[in-house]
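Spelled out, the chains give:
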Amino acid sequence: LPARQDSQLLIKDLHFDGVPVRIYLPKEPSASKRRGVIFFHGGCGIFGSIRSYERICQYIARKSDSVVASVGYHLAPEHKYPAQTLECLSAALHFLRTAGTYGVDPARIIVCGDSVGGTYTASVCQELGGRTDIPKIRAQVLIYPFLQALNFNLPSHQKNAAVAFLSRERTVHFILKYLNKDCSLKEPILAGAHVPESINLKYRKWINPDLIPDAFKLGYKPPLPALFSPQVHEAVQELFEPWISPLLAEDAVVCALPDTCIVTCEHDVLRDEGLLYKKRLEDNNVHVTWHHVEKGFH
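As annotated in an unreviewed UniProt entry, the chain is ADCL4 protein from Daphoenositta chrysoptera.

(A) Region of interest: the pairing of strand β3 (residues 34–40). Within β3, 6 of the 7 residues are buried, leaving the element largely enclosed by the surrounding structure. Pairing of β3 with strand β4 (residues 66–71) involves 6 bridges; the strand directions are parallel. Its bridge partner lying in β4, phenylalanine 40 is registered against valine 71. Once the chain exits β3 it traverses helix α1 (residues 54–64) before rejoining the sheet at β4, and the crossover so formed is right-handed.

(B) Representation of the domain arrangement of the chain within the structure. With domains assigned, the chain is organised as domain 1 (9–143) and domain 2 (155–240). A separation of 29 Å is found between the C-alpha centroids of domain 1 and domain 2. Each partner contributes residues to the interface: domain 1 has 11 residues there, and domain 2 has 6 residues. Both sides together, the interface formed by domain 1 and domain 2 hides about 730 Å², and carbon and sulfur atoms give 69% of it. The three residues of domain 1 that bury the most area against domain 2 are Cys44, Ile46 and Tyr81, which together make up 56% of that side's buried surface.

(C) Up close: the pattern of salt bridges. In this structure the tally under the stated criterion is 18 salt bridges. Here arginine 138 ties to aspartate 259 by a salt bridge, and the two come within 3.1 Å at their closest N and O atoms. With arginine 138 in the loop between α3 (116–128) and β6 (139–143) and aspartate 259 in strand β7 (residues 259–267), this pair connects stretches of sequence that are 121 residues apart. On the basis of relative accessible area, arginine 138 is assigned to the partly exposed category, the value being 42%. Judged by relative accessible area, which is 28%, aspartate 259 ranks as partly exposed. In this structure, lysine 278 and glutamate 282 form a salt bridge, with 3.3 Å as the shortest nitrogen-oxygen distance. Highlighted residues: lysine 278 and glutamate 282, both in helix α10 (residues 271–283), separated by 4 residues, approximately one helical turn. Judged by relative accessible area, lysine 278 falls into the buried class, the value being 18%.

(D) Looking closely at unusual backbone geometry. Cis peptide bonds are those with omega within 30 degrees of zero, and the linkage from alanine 76 to proline 77 qualifies with 0°. Take proline 77: it is sitting in the loop between β4 and α2 (83–98). The omega torsion across tyrosine 81 and proline 82 is 10°, close enough to zero to call that bond cis. Structurally, the position occupied by proline 82 is in the loop between β4 and α2. Residues other than glycine seldom take positive phi values, yet tyrosine 144 does so here, at roughly 30°. Relative to the helices and strands, tyrosine 144 is located in the loop between β6 and α4 (155–159). Residues other than glycine seldom take positive phi values, yet asparagine 180 does so here, at roughly 60°.

(E) Spotlight on the nonpolar core. The biggest cluster of nonpolar side chains holds 78 residues, and the ones touching the most others in it are Ile23, Phe40, Phe95, Ile189, Leu239 and Tyr277. Top element by residues in this core is α2. It accounts for 7 residues. Two domains each donate at least three residues to this core, and these are domain 1 (9–143) and domain 2 (155–240). Those residues within four positions of isoleucine 23 in sequence are excluded, and the remaining contacts are Leu10, Ile11, Lys12, Leu14, Phe16, Val67, Val68, Ala69, Phe95 and Tyr102. Tyr24, Cys57, Val68 and Val141 belong to the second-largest nonpolar core, a separate cluster that totals 13 residues.

(F) Representation of the environment of valine 163. Examined against the element boundaries, valine 163 turns out to sit in the loop between α4 and α5 (168–178). Judged by its relative accessible area of 23%, valine 163 falls in the partly exposed class. It is 8.8 Å that separates the C-alpha atoms of valine 163 and histidine 298, two residues lying 135 residues apart in sequence.

Procedures and definitions
Residues numbered from 1 in each chain as written. Predicted model: local features only at pLDDT ≥ 70, side-chain atom pairs only at ≥ 80, totals over all residues. Heavy atoms only, no water. Buried < 20%, exposed > 50% of the residue type's maximum accessible area, 1.4 Å probe, protein only. Helix = DSSP H or I, 4+ residues; strand = E, 2+ residues; numbered from the N terminus. Pairing = 2+ DSSP bridges. Right-handed = clockwise from strand over helix to strand, strands pointing away. Domains from an automatic or database assignment. Contact = heavy atoms within 4.5 Å. Buried area = accessible area lost by both parts, 1.4 Å probe. Salt bridge = Lys/Arg side-chain N within 4 Å of Asp/Glu carboxyl O. Core = buried A, V, L, I, M, F, W, Y, C linked by side-chain atoms within 4.5 Å.

Now the structure itself:
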């Protein structure tokens, strides 16, 4: 669909290394180079578009006087994973390298996304954190991000299991659709049957209800251990990759991440993933600003 007009913004449809991008540039002349925002939209990797997030991106561009690049990565399952992550990475690299073309200060570019857009944001920042051949990303903004696929029995999963718009069951259903897997795997994954004990033990230091503040665990009942299924584990190997589960990245990667803003919502199954990532970042001396929306939902 054509861009929705905005009297304060110049809007351009472009391609960054073959990836569709819509750029929002403030019309008002600026005495210095502006900040830049790379935006990855949500939608589980199978919904959403540049157009459906247009008002949000226009609002960000106007209110922050920034140049916003909204990335229209191609959707699964027609475009198979990890096409989405790779396209987000390509678009981000292109913008970092050509920022001056759009009047942007390359030292003041942030990456931002909601839901799976937060996953792509985390993945892009993890991939680029150690690079010295491109400008450093100034900050990342993760808005109720999806960050791990090992444990679907954290307190927020239990508390918000049936909350619209993203229930606990729908979360796993959409992940399987995104990865083009058999949706009959949903129930064993919800129970945790896809995770062998060795992996559970390895990642307990990062994905563990004990790491969630007590205020978020009222009424929580730890589930019984699931019976491990090698067949299910073999079918969903992608769930253990940092591009799907950024919480599993090693400390050497996490410590190189930029300043971070994390937004969580109380009535959201993904709430605790944001809390766990916040702790991981802080443990690795990354500066984190955290906003918790008490009445918010996904």
